[in-house]
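Summary of structural features
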Amino acid sequence: MGGAVSAGEDNDELIDNLKEAQYIRTELVEQAFRAIDRADYYLEEFKDNAYKDLAWKHGNIHLSAPCIYSEVMEALDLQPGLSFLNLGSGTGYLSSMVGLILGPFGVNHGVELHSDVIEYAKQKLDFFIKTSDSFDKFEFCEPSFVTGNCLEISPDCTQYDRVYCGAGVQKEHEDYMKNLLKVGGILVMPLEEKLTKITRTGPSAWETKKILAVSFAPLIQPNHADSGKSRLVHLPPVAVRSLQDLARIAIRGTIKKIIHQETMSKNGNGLKNPPRFKRRRVRRRRMETIVFLDKEVFASRISNPSDDNNNCEEFEDERREEEETKPSELKPDPPVNFLREKKSEKAQLLQT
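For the protein chain, the name recorded in an unreviewed UniProt entry is Protein-L-isoaspartate (D-aspartate) O-methyltransferase domain containing 2, with Apteryx owenii as its organism. UniProt, in its Subcellular location (unreviewed entry) section for the protein chain, records the words "Cytoplasm". In its Sequence similarities (unreviewed entry) section, the UniProt record describing the protein chain reads: "Belongs to the methyltransferase superfamily. L-isoaspartyl/D-aspartyl protein methyltransferase family."

Written out as C-alpha cells, the structure reads:
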C-alpha cells in the first residue's frame, strides 16, 4: 500500500511531497513528521527505501506507507492532553509521533502481539530520546507498550480519547473497537477495505466517515488452543502525575521559555545581522596601447611601476580600513548549549 507521492532524498523532502499532495494538512502533524526520521525505524540494510511512499515488512516488523500514516494522524485530530491507544503498535513510529503532540499530560499506550517487535520498539524509542535533536524541542508523552492480542483487552480497562488499529478489522469486531472510545472520542481503523473514521457523539451514537481505500492484513484472531482460556491484556494504569514529575515539567518548560527569549533578544527576533555593504573603491586602470603597423596589429600593456606600488598600497589601506571599522559585535560568538547551562544552574541551586 502506498506510492501516492514521489520518493524523497531525505525525511524533509518526503514530508514536502506529502504536504504538496495534501496528505499532511495541519502544522501539528507536519511538525511531528519532521521531528522523527522515518529511516531510524528501518533496519540498516533497508534504509535506502525509507523515504519511499511504500509499506515495509521484515519478519514481524512492519511500517505502513507514509501517506497512510499521514491520513491517520490528520483523522485522529490530536490535541495536547488526550489519551491515545494504538492497537498493533509495531515499531512505535506512529506512537512516538503522536506522543510529540499529546505532551506531558497525555496518555500514550500501545498493544502489540509479537514480543520481539515490542523489544524493537523500545530500542527505537530509547534511541530517539537519547540522540534526537527534536526531543528537546517538544514536551513528549512517552509511549508504553504491552504484549498481547488487541482483541483480548480486559473489559475493565479505561476508555480513550483516540484509538487507532493498524490491522484490518472484521465487521464482527466493530462494536468491540467502538467500546474502547470515550464519548467525543475518535476511532480510526481499516474496516471493509476502507480507512474509516468513527466519532462517538453519545453513549450509543456514532458518526462514520470513509477516508480512503486501503489494503491491510486482517487482525489475528485469539488462539485458545493451548489453555482454552482467554489471555486478557491489561493496559497500563492511568496514574496521576507525582509532584516530582509536575515540578520537572514546570522547570523544563521555564528553561525552554527563557532560552527562547534569550535567543530572540540576542538575534533580534531570530534574524541574523544584516549584511554590511562595502564601500566601492575606484582604482586606476593600466593603460593598454594598440599599435598598427601596416596590416598587422600589435597589442601591448604598458604599466608604470609606480602604479603597481600604488595599487598594492590601496589594497593594504582598504584591508586596514575594513578591520578598523568592522564592529566587534558582528563577530560570531562561540556556540553555547543554553539548555545544559540552565540545567547546571538549576542543579547548583537545588544542591544549595
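1. So, the pairing of strand β4 (residues 107-112)
Of all six residues that make up β4, six are buried, and the element is covered over most of its length. Because side chains alternate across β4, one face comprises the buried residues Val107, His109 and Val111, and the other comprises Asn108, Gly110 and Glu112, equally buried. As paired strands, strand β3 (residues 83-87) and β4 are joined by five bridges and run parallel to one another. When the sheet's bridge partners are listed, Phe84 is paired in β4 with Asn108. Since β3 and β4 lie parallel, the crossover through helix α4 (residues 93-102) that links them has a hand, and here it is right-handed. Pairing of β4 with strand β5 (residues 144-147) involves four bridges; the strand directions are parallel. What sits directly across from Gly110, in β5, is Phe145. One crossover worth recording links β4 to the parallel β5 by way of helix α5 (residues 115-131), and it is right-handed.

Reading the values: the criteria
Residues numbered from 1 in each chain as written. Predicted model: local features only at pLDDT ≥ 70, side-chain atom pairs only at ≥ 80, totals over all residues. Heavy atoms only, no water. UniProt positions renumbered as here; feature names shortened; annotations may be inferred. Buried < 20%, exposed > 50% of the residue type's maximum accessible area, 1.4 Å probe, protein only. Helix = DSSP H or I, 4+ residues; strand = E, 2+ residues; numbered from the N terminus. Pairing = 2+ DSSP bridges. Right-handed = clockwise from strand over helix to strand, strands pointing away.

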